[in-house]
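Coordinates in review
Next come the chains, spelled out residue by residue.
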Amino acid sequence: MWISFGGMGALILAMVLILLSRYKLKGIISGIVAFVAYICLVVGGLIIFLVVISGPSA
């Protein structure tokens, strides 16, 4: 359960960071924040995928 919360948190963090990098930041900082956001997006997506594929545990 906590792993799935971590995955959802990573996806939410990715969403906030992408919005921040697109609308509030400029220059190289925007690129760095966007890169970190896409890394969080991939990691969160993989975690959620693994949780869904593993099925019910009980």
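This text gives an overview of the structure that appears in the document.

What to know about the packing of aromatic side chains
- Tallied over the entire structure, the rule returns one aromatic pair.
- With a centroid separation of 5.6 Å and 75° between ring planes, the pair formed by W2 and F5 is classed as edge-to-face. On the criterion of helical spacing, the pair formed by W2 and F5 is a turn pair, its members being three residues apart in helix α1 (residues 2-23).
- We classify W2 as exposed; its relative accessible area is 67%.

Brief notes about α1
- The terminal C-alpha atoms of α1 lie 32 Å apart, and with 22 residues this matches the ideal 32 Å at 1.5 Å per residue to within 8%.
- Of the positions making up α1, those classed as buried are S4, G7, A10, A14, L17, I18 and S21. For α1, the angular spread of the buried residues around the axis is 150°, confining them to a single face. In this structure, α1 carries W2, I12 and Y23 as exposed residues pointing more than 90 degrees from its buried face.
- As for α1, its buried residues are in contact with α2 (28-54).

Scoring rules and cut-offs
- Residues numbered from 1 in each chain as written.
- Predicted model: local features only at pLDDT ≥ 70, side-chain atom pairs only at ≥ 80, totals over all residues.
- Heavy atoms only, no water.
- Phe/Tyr/Trp six-rings, centres within 6.5 Å; stacked < 30°, edge-to-face > 60°.
- Helix = DSSP H or I, 4+ residues; strand = E, 2+ residues; numbered from the N terminus.
- Buried < 20%, exposed > 50% of the residue type's maximum accessible area, 1.4 Å probe, protein only.
- Expected span 1.5 Å × (residues − 1).
- Arc of directions from axis to C-beta.
- Contact = heavy atoms within 4.5 Å.

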